[in-house]
Structures are given as C-alpha cells and as structure tokens.
Amino acid sequence: MSDKEFWVFLLCLCLKVSTVKSQGSPQDAFLLQYLERRLVQIEERLSQCEQNTVSITQKTYDVSSEMRAHLSTLNVMRSEVRSQLDSISARVEQVERELEYLENKMPAQSDIEMEEALLEQQIKAAELDQIKRKAKIKMENDCDVALSQIKSLKMVKKMGDNAGSWFKDPSDGSAKVYLLSGIRNDTLLEYTSLQSFSEKVAVPPAKVVKLPSSWQGTGHIVYNGFLYYHKADTPNQILKVDLSNGTVVDRTLLPNAGRLPVYSLNTNTYLDMAVDELGLWVIHADLEYGGNLVITKLDKGNLAVEYTWDTQCKSHDAEGAFIICGTLYVVYNTHYGGRSTVQCLYDIHDTIHSAESPVVFFPKRYTSHSSIHYHPGDKQLYAWDDGYQTIYQVETHTSDQITAE
C-alpha cells in the first residue's frame, strides 16, 4: 500500500467512525473501540517502521563511508607498491650497470699483488708509528722512580657521602682543591686551597660548579683547570669540562671500556682517571682480556688515545689504583674492609715487575677506599676513606736504588 492509499484509507476510516458515533448504538460503540485500538496499533507500527528506516539508512551510510575509506587506503597502498616496484627496478638496473662496470674495470693479478704489498707496507708503517709513540711517552719525562713506601696518614676532614673523590689540581702553581661527593651527581665544590678546605667553615666559601651533565663513579680528575669525568648513563664516554665557565670543550669514547667495573670492590666506577708525571691516563677493566686492568694514555688537549697497555693486574678484590711515573699500582682489599695493600704493579718502561717488588701496606685503617688519586707535585695520595678525606705521604726510589737493594 502506498502512502497516498494509506491516508485515503485512514480518512475513510475516520469518516466511518464519525458516522458510527453520530448513530450512537451500543454495537456501533463496540466497533468504534475496536477500530480505535487498531488505529493505535497501526500508528505504533508506522512509528517503528520509520525508526527502522532511519536506522537502516544510517547503517547504509556508515558502511558506504567505511568502504570509501578502505578504497582510498587501497589506492594509496597501490600507489606505494607501484612506487616501490619502480624503485626496485631502477636499483636493479643500477646494480647491473655497476656490475658491468666492475667487470670491465677488474684489475689484473699483478695489480692485486701490488695493492697487497702496499697494504702490508701501510700496516708496518702504522706499527712503527705505534712503537715511536710509545717510545715518545716513555722519554717525555725523566721518570725512573718507583713506589717504595706509604709512610703516613692524615685525616683532613669528614664530609659528604661514604663514597666520593677529592683531589688537588696537579698543574704547576695550582693550590685549588676539588670535591665530588657520592657516586652520581652534577655538582662540584671548588676550594681555594687545602687550608681553606680543612677548616670547619671554609673561608672563602667553596665555589659550587654546576656541571652540564651528571658524572658516574669516583674516577674523576682535574688537570689544568679542566674536569675529566665519566658521563653518567653512558658506558664509556669521557667529558672534558672547562671549570671557568662549566662548558664541555671535548669528549671521547674509550674503546673496549665500560662493560664491567674497573674495581670489583667499587662497583659504580667504570672509568678511573689519573694524572702522573707523564700526563693524563684512564684505567679500566677489559672483559675480553679476562677482566684484567688496562691503562690508556690520553692527550689532555683533545682526548685522543696515545697508547694502551694491557696489564696482568686483576680487577677482582681491587678497590682502587694510581699511577706514578708510568707505573700502575693496584690497591687490593676484602669485601669486609681491612688493611689496603699494593699487590700488583705494571710498569710501561718494563724496568720493575710485580714478582720482584714487595707488597706495600697502607697505614692501618680498617676500612675501604672509594677513590685514590696521586698528586705528582706533592708526592701524596688523596683518598676517600668511608667519608673521610685522607692524605697519604708516599716515598719513592730511583731505579738504580731499587736495583741496588
């Protein structure tokens, strides 16, 4: 039934009802009620039909929109695939051209032999250059002394965390003292002198230097007004910071370093910087070398690696180390704390050896060091001992005296 026919029927029905009402008989009244109920039911069904029609129309629109979106996506993917196929085709053509070029330019056997000979000469030249650089490091200064005794202990102060590092700038004429408390921070304290540092209230007050990034461990050092330290959250990056303005002036990644702690008793230190009469060094443990310690000489200007020595000194049960005149001295202890001893050394000049050297004992103090730094001018060790900033006086002998003894 069309809409027009329905409304005609409804109009006739209404006229019929009106006619029945005008007659007013009981039978007609019953018929009227019946027709009214049917009319209400028809209206409800019509309303439901309209709702269903609207719902179906909306669903049809949604499906149509979704299909259009999928078609658009498919068109984009088809274009990308076509573009990739074109690119692959171009690359294949380029590879074919390059292979053809290489076939035409393939050197003869004699040319290959000449290139191999040239490569061998270059390798020999590089090895000779390494030997010359090593000899230069040995001859830069007259370093023919060795540690013979650690004779005295002075506890200067107690401040900061249980672990940390403190030291003087070993540059000529510098009296400044530096302190870095803890195993991770970005703040350095600078004192004008050892006397100022040792006072209960420093006069003048310590200068607080905010570093551009945090440091890790306790293996830092200051040299010629620059702080050298292991940058936190990196395995082997060393930063050089100008303390006059707090800016990074250079950085380097130390090869094969940072995969395990340099000392097993100081598990937060992976790179330990040191300064001696020959210049700037870094000590680390090499996993590929059985965990033994490795010392690397760095150019203090641009942090370039000058030479690296593998040592026989183990990192197990070591708590620290220091370098005097190109000789590494490794300090050992126990996990429970005890008297620190130097039980292994490595001399880059190959004039003294661990087997021929007696064990050197630190003065009695039954704790463990978190850092030990040698000052070549003062001939002293600046150590951090369970929160105490301590100084050890060292005695050295020349190689001639050692041989005579």
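Right, let's walk through the structure included here. Every chain's residues receive numbers from 1 upward, in the order its sequence appears when written. Restriction of local features to residues with pLDDT of at least 70 applies here, the model being predicted, together with a cutoff of 80 or more for giving and counting side-chain atom pairs; totals for whole chains, interfaces and linings are based on all residues. Only hydrogens and water are set aside when side-chain values are computed; all heavy atoms of the structure are taken into account.

**Overview of the overall build of the protein**
Think of it this way: any DSSP run of H or I at least four residues long counts as a helix, any run of E at least two long counts as a strand, and we number them from the N terminus. For the protein, the helix and strand inventory stands at 5 helices and 20 strands. For every residue, the accessible area (1.4 Å probe, protein chains only) is compared with the maximum for its type, and the residue is labelled buried under 20%, exposed over 50%, or partly exposed between those bounds. Expressed as a percentage of the 405 residues in the protein, the buried residues total 38%. For the protein, long-range pairs separated by at least 24 residues make up 50% of all intrachain contacts whose partners lie at least 6 apart in sequence. Computed by Shrake-Rupley with a 1.4 Å probe, the accessible areas treat only the displayed protein chains as cover when residues are assessed. Element-wise, carbon and sulfur atoms account for 54% of the exposed surface of the protein, whose accessible area totals about 23,500 Å². Here a residue-residue contact requires only that any non-hydrogen atoms of the pair lie within 4.5 Å.

**Brief notes about the sheet that holds strand β4 (residues 184-191)**
Strands pair, by our definition, only if DSSP identifies at least two bridges between them. Taken in spatial order, the 4 strands make up an open sheet running β2-β3-β4-β5, and their pairing is antiparallel. Each edge of the open sheet is held by one strand with a lone partner, namely β2 (164-168) and β5 (207-216). Strand-to-strand, the axes of this sheet are offset by a mean angle of 20 degrees, without reference to chain direction. Here 3 bridges tie strand β3 (residues 177-181) to β4, and the two strands are oriented antiparallel to one another. Bridged to Val177 within β4 is Tyr191. Each axis is a line fitted through C-alpha atoms, taken for helices only over the stretch in contact, and angles between the N-to-C directions span 0 to 180 degrees.

**Re the pattern of salt bridges**
Pairing is possible between side chains of opposite charge, provided their charged atoms come close. One side-chain nitrogen of Lys or Arg within 4 Å of one carboxyl oxygen of Asp or Glu is enough to make a salt bridge. Going through the model one piece at a time under the given rule, you end up with 9 salt bridges. Among the salt bridges present, the one from Lys210 reaches Asp186, with a minimum N-O distance of 3.3 Å. With Lys210 in strand β5 and Asp186 in strand β4, this residue pair connects regions lying 24 residues apart in the sequence. On the basis of relative accessibility, which here comes to 56%, the residue Lys210 falls in the exposed class. A salt bridge links Arg259 to Asp286; the shortest N-O distance between them is 3.7 Å. Of this pair, Arg259 sits in the loop between β9 (247-253) and β10 (272-276) while Asp286 sits in the loop between β11 (279-285) and β12 (292-298); the two residues are 27 residues apart in sequence, bridging distant segments of the chain. For Asp286, a relative accessible area of 9% puts it in the buried group. Because the salt bridges share partners, they merge into one network encompassing Arg259, Asp286 and Glu288.

**Looking at the packing of aromatic side chains**
Only the six-membered ring of Trp is used, alongside the rings of Phe and Tyr, when aromatic pairs are assigned; centres must lie within 6.5 Å, and planes under 30 degrees apart are stacked while those over 60 apart are edge-to-face, with the rest tilted. Throughout the structure, instances matching the rule amount to 8 aromatic pairs. Judged by centre distance (5.1 Å) and plane angle (20 degrees), the rings of Trp166 and Phe197 are stacked. Pair noted here: Trp166 is in strand β2 and Phe197 is in helix α4 (residues 194-198), with a separation of 31 residues, a long-range link. Both residues of the pair, Trp166 and Phe197, belong to the buried class. Their ring planes at 90 degrees and their centres at 4.9 Å tell us that Phe362 and Tyr392 sit as a pair that is edge-to-face. In this pair, Phe362 is assigned in the loop between β17 (360-361) and β18 (369-375) and Tyr392 in strand β20 (residues 388-398), connecting sequence segments 30 residues apart.

**Examining the nonpolar core**
Nonpolar side chains tend to gather and get buried jointly when the protein is soluble and globular. Take the buried Ala, Val, Leu, Ile, Met, Phe, Trp, Tyr and Cys residues and link them wherever side-chain atoms come within 4.5 Å; each set so joined is a nonpolar core. Membership of the largest hydrophobic core comes to 42 residues, with the highest contact counts inside it found for Ile283 and Phe322. The contacts of Phe322, once residues within four sequence positions are left out, are Leu147, Thr327, Leu328, Tyr329, Val331, Val342, Phe362, Ile372, Tyr374 and Leu381. Formed by 26 residues, the second largest nonpolar core is a distinct cluster that contains Tyr178, Val241, Ala257 and Leu271.

**With respect to the state of the cysteines**
Here, the term disulfide refers to a pair of cysteine sulfur atoms separated by no more than 2.5 Å. Per the counting criterion, the structure on display carries 1 disulfide. Here Cys313 is linked by a disulfide to Cys344, with a sulfur-sulfur distance of 2.0 Å. Around the S-S axis, the bridge from Cys313 to Cys344 shows a dihedral of about -85 degrees and counts as left-handed. In this pair, Cys313 sits in strand β13 (residues 305-314) while Cys344 sits in strand β16 (residues 341-347), placing the two residues 31 residues apart along the sequence.

**Overview of the pairing of strand β19 (residues 380-385)**
Burial within β19 is extensive, with 6 of its 6 residues counted as buried. Burial of the side chains of β19 extends over both faces: Gln380, Tyr382 and Trp384 are buried on one face and Leu381, Ala383 and Asp385 on the other. Looking at chain direction, β18 and β19 are connected through 6 bridges and run antiparallel. Pairing of His375 across the sheet is with Gln380, part of β19. Sheet topology places β19 next to β20; 6 bridges connect them, and they run antiparallel. From the neighbouring strand, Asp385 faces β20, where its bridge partner is Tyr388. Counting the residues between successive antiparallel strands, the hairpin from β19 to β20 contains 2 residues, one of them, Asp386, with a positive phi of roughly 55 degrees.

**Points about the sheet that holds β16**
In any sheet, the strands associate via hydrogen bonds between backbone groups, in a parallel or an antiparallel arrangement. Overall, antiparallel pairing links the 4 strands, which are arranged β14-β15-β16-β17 in an open sheet. Pairing within the sheet leaves two strands with one partner each, and these edge strands are β14 (318-324) and β17. The pairing of strand β15 (residues 327-332) with β16 spans 6 bridges and is classified as antiparallel. Residue pairing for β16: Tyr332 is matched across the bridge by Thr341.

**Some remarks on the side chain of Thr252**
In this structure, Thr252 sits in strand β9. Residue classification places Thr252 among the buried residues on the basis of a relative accessible area of 18%. Filtering out sequence-adjacent residues up to four positions away, Thr252 remains in contact with Asn236, Gln237, Ile238 and Leu303.

**Remarks on a nonpolar patch on the surface**
Together, Val81, Leu85, Ile88 and Val92 make up a nonpolar patch on the protein surface, roughly 350 Å² of accessible area in all. With respect to the helices and strands, the residue Val81 is situated in helix α2 (residues 26-105). Note on Val81: relative accessible area 46%, which makes it partly exposed. Only residues above 30% relative accessible area that lack a salt bridge enter a patch, with like-charged residues linked at up to 9 Å and the nonpolar side chains Val, Leu, Ile, Met, Phe, Trp and Tyr linked at up to 5 Å.

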